[in-house]
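What the coordinates show
For reference, the chains in residue letters:
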Amino acid sequence: RNDDGSEPAYLSEAPIWVEAGNLPARKEPVIHLAYEALEPLKPRPQRVGGLISEGDVVLFFGAPGTKKTILLMDMAVAIVTGQKWLRLETFRCPVLIIDEESGDHRMKKRIGNIMRARAAEADVELFWTTLEGFSARELLDLMAIENAITRTRAGFVIIDALADIALGADENSVKDMQPVFHGLRQIAERTKAAIAMIHHANKAGGYRGSTAILGAVDLALLVESKEDSPTVDITTAKARDISFVKLAANITFEPEWIGVSNAPVKDSVKHLSKSEEYVLRFLRAHGESLCTEIMKHADTCSDTAARKAVYSLVDKGMVMRVDDGGPGEAATYGLTPFQEAEDHLRPST
């Protein structure tokens, strides 16, 4: 706010949306020419150094109780104050949190506790909405979200959570989830804001829902933590423009503040059985494959052991089901993106 307690002028600007009955005609597409691809490209401005850039669509996913919301709220305060987030530099810009889970009282408490831990001033450009009931499946709601980003000039946006802005959608359906991400992608492109969504993991530790979800984002980060542990591990599950990273944090809860600090990264090497090594070797050689094909060609183990190895590798987050089929249908499996580099693995001893 201004010194006299009033809102900044840009927050009082008229909304940019139009009336539902007066939607504009479809504009002509922008046609690009070949020479543009040969012109020097300026690097995209970053929001979190080496991790998130402007216009990125990002997924933070993990099981309940893994402290995903706290991590992202701390990232928000780090960005608006220009402080490091874990071991990464941040680049200051306004931040908008779209909360559809916590509610006003819990938001104020959490954000206040994190601001106190980071000694953030009361006038930092951190904004939020709470329980507005936004739906990324509705045009007017997408317009309202874009308007909120434009009014606050947010360069980084947090949505808590994906499931709440896709109410009524079948998370396992490509046709239901693609429109959600298409709308958010267009907003990110037009506003240049990076949009980070909180999402839930499935029982096997992967992201919950359709393959369209992982395919639609630029970066997906798996967040893992035991409820009784202060340590949180963050692992890249997908990255389009950056190298795969591993991060770790310690979170300290006190009555008046919540502190998030850098922690040592655990050894990422996984010990594998012979049957697990076979499955990974087969998938590297043949790509996404039916489980029956993986079993059929088992050479260092039985077909039954190969089948069990597929399931155990899914539990370890190294293999994922890549089709949209349900129980009882033929299952196709592939490597998770983080497993494409063999130096993440070490044979059993």
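Anything mentioned here points back to the structure above.
So, here's what we can say about the structure. (Residues numbered from 1 in each chain as written. Predicted model: local features only at pLDDT ≥ 70, side-chain atom pairs only at ≥ 80, totals over all residues. Heavy atoms only, no water.)

1. Describing unusual backbone geometry
Cut-off, in case you're wondering: Starting at the N terminus, helices and strands are each numbered in turn, a helix being any DSSP run of H or I of at least four residues and a strand any DSSP run of E of at least two.
That bond from Asp 160 to Ala 161 is cis: its omega, 10 degrees, falls within 30 degrees of zero. The topology assignment puts Ala 161 in the loop between β6 (156-160) and α4 (174-191). A positive phi angle, close to 55 degrees, is found at Leu 86, a residue other than glycine. In this fold, Leu 86 is placed in the loop between α1 (68-81) and β4 (95-99).

2. Considering the pattern of salt bridges
Rules: A side-chain nitrogen of Lys or Arg and a carboxyl oxygen of Asp or Glu constitute a salt bridge if their distance falls within 4 Å. A simple rule labels every residue: compare its accessible area, found with a 1.4 Å probe on the protein chains alone, to the largest value its type can have, and call it buried under 20%, exposed over 50%, or partly exposed in between.
Taken as a whole, this structure holds 14 salt bridges when the rule is applied. The residue Asp 74 makes a salt bridge to Arg 118 at a minimum N-O spacing of 2.8 Å. With Asp 74 in helix α1 and Arg 118 in the loop between α2 (104-117) and β5 (126-130), this pair connects stretches of sequence that are 44 residues apart. Here Arg 118 falls in the buried class, since its relative accessible area comes to 12%. Note that Lys 84 and Glu 89 form a salt bridge whose closest N and O atoms lie 3.8 Å from each other. With a relative accessible area of 46%, Lys 84 lands in the partly exposed category. Classification of Glu 89 as partly exposed rests on a relative accessible area of 43%. Ionic contacts of the salt-bridge type, sharing partners, join the residues Arg 44, Asp 56 and Asp 241 into one network.

3. Concerning the environment of Gly 62
The cut-off we apply is this: Should any heavy atoms of two residues lie within 4.5 Å, those residues are counted as being in contact.
Checked against the element boundaries, Gly 62 lands in strand β3 (residues 57-62). Relative accessible area serves as the criterion here: at 0%, Gly 62 is assigned to the buried category. When the C-alpha positions of Gly 62 and Leu 221 are compared, they lie 8.5 Å apart, and in sequence the two are 159 residues distant. Contacts of Gly 62, omitting those with residues within four sequence positions, involve Lys 68, His 199, His 200, Ala 201, Leu 222 and Val 223.

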